[in-house]
Amino acid sequence: MEQTGRTQASYFSGKVVNQIAKSITPRVDAKLERVAQSVPGLGPDSRVLDARGVRDILGVDVAVEMLDKLKESFGSAPPLGNEPAVRTWLGDFMELPTYMGPVDAIFFNAVFGNMEDPHAALYQATRFLKPGGYICISHPLGRPWLEQYRKREPDIVPHPLPSESDLIALTRDLPLKLRSCTDEKDFYCAILEVERDRLAFARVDAAQGSPPEDLAVHPMLMNVGRRPTFRDEGEPPLSVEASIQHRFAHDFYGCHMRVVALGFLRPEIKFGSLDELLAQIQRDTGVAKATLTEDELAEWAQKL
């Protein structure tokens, strides 16, 4: 990955950056707007995003000069991290710090073919997206143009734009569903959506004499998988772990629990340490609590 990043950073500098800037003609702008219409309220280009009222944007690139072009248009970001702004991060998308998320949408505009490992890039994207979030893979000049470019610069663009069948294969083991794939001669746009299936509400039929709050419905996180970080030898191939966001007065072993699963947070990750795992759980908990207060999901709590 490091060598790929250095190669890309070296290539996208000076003359090439100026050529890219000049290539964004009114015709290309119109195509970027078309991409924006594929994901309601969003778009692949910072100018399109800004025009549509999106104010919190993060531009990621390995090339300093590419990000400098963005700063020329939008200026420096304010010092407060929670103040909406157009920000930049210099580095490989695969190394983007998790504190930069979660986000509503991720756009690979005219860059997906440059990724060293397309499947790994999609997996990384799912880690940063909110439940129901979108991944947009787009190119305003289309597949034939990119194929000609790949012939000239195979080290810079190692992969073609994925066909519909390619996308299905790439996402087979990821929590993504293909919403659309437009593959025209001079325009490409594919939209993937993060599935909703592991955020949850739970009600425990706690023991007699438990306080009323123990009998209420509470937000819950649920892991369905293989426990890759601390998996013990001889464990079943699949386990289900529930983390109810409430401190109960008593243990409730042997009690019945009713659960409704509503959304997906992220795929399983093998962490390097317990501290890394606990830090991610804290982030997951914050996202889950905020998401489960949305009216569309909160109404399900009344059905338990």
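Not measured: the values here are computed from a predicted model. Per chain, the residues get numbers from 1 upward, laid out in the order the sequence is written. The predicted nature of this model means local features are confined to residues of pLDDT at least 70 and side-chain atom pairs, given and counted, to a pLDDT of 80 or more, with totals for whole chains, interfaces and linings taken over all residues. Side-chain calculation: all heavy atoms of the structure are included, whereas hydrogens and water are not.

S.K.: Looking at this structure, I do not really get the nonpolar core. What am I missing?
M.R.: Think of a nonpolar core as a cluster: buried Ala, Val, Leu, Ile, Met, Phe, Trp, Tyr and Cys residues, connected wherever their side-chain atoms sit within 4.5 Å. Note on classification: 1.4 Å probe, protein chains only; a residue is buried when its accessible area is under 20% of the maximum for its type, exposed when over 50%, partly exposed between these limits. Among the nonpolar cores identified, the biggest contains 32 residues, and Phe108, Leu122, Ile135 and Ile137 are the most heavily contacted of them. Mapped onto this core, the elements with two or more residues apiece are strand E3 (103–109), helix H6 (118–128), strand E4 (129–139), helix H7 (142–152), helix H8 (164–170) and strand E6 (187–194). Not counting residues up to four positions away in its chain, the partners in contact with Ile137 are Phe108, Phe112, Leu122, Leu167, Tyr188, Cys189, Ala190 and Leu192. Strands are runs of DSSP state E lasting at least two residues, helices are runs of H or I lasting at least four, and both sets are numbered from the N terminus onward. The contact definition used throughout considers only heavy atoms, calling two residues in contact when any of these lie within 4.5 Å.

S.K.: Would you take a moment to explain H7 for this structure?
M.R.: In an α-helix, one turn spans 3.6 residues, which is why side chains three or four residues apart end up on the same side. Where H7 is concerned, the buried positions are Gly142, Leu146, Tyr149 and Arg150. Angular distribution of buried residues about the axis of H7 spans 105 degrees; they occupy a single face of the element. Away from the buried face of H7 by more than 90 degrees, exposed residues Lys151 and Arg152 are located. The arc in question is formed by the directions pointing from the helix axis toward the C-beta atoms.

S.K.: I'm lost on the pairing of strand E1 (residues 57–61) in this one. Help?
M.R.: Consecutive residues of a regular strand have side chains that alternate between opposite faces of the sheet. Of the two faces of E1, only the one carrying Ile57, Gly59 and Asp61 is buried; Leu58 and Val60 on the other face are not. At least two DSSP bridges between two strands are required for those strands to pair. Relative to strand E2 (residues 86–90), E1 runs parallel, the two being bridged by five bridges. Each residue of the ladder has a partner; that of Asp61, found in E2, is Leu90. For crossovers, right-handed means that the path from the first strand over the helix to the second runs clockwise, given strands pointing away from the viewer. Taken together, E1, helix H5 (residues 64–74) and E2 constitute a β-α-β crossover, and its handedness is right-handed.

S.K.: Any chance you could explain a nonpolar patch on the surface here in plain terms?
M.R.: Patch construction takes residues with relative accessible area above 30% that form no salt bridge. Like charges are linked within 9 Å, and nonpolar side chains (Val, Leu, Ile, Met, Phe, Trp, Tyr) are linked within 5 Å. A 1.4 Å probe and the Shrake-Rupley method give the accessible areas. Residues count as covered only by the protein chains that appear here. Salt bridges are counted wherever a side-chain nitrogen of Lys or Arg sits within 4 Å of a carboxyl oxygen of Asp or Glu. Taken together, the side chains of Phe230, Leu274, Leu278 and Ile281 present a nonpolar region at the surface, about 350 Å² in accessible area. You can see Leu278 is positioned in helix H9 (residues 274–291). Looking at Leu278, the relative accessible area reads 43%, which means it is partly exposed.

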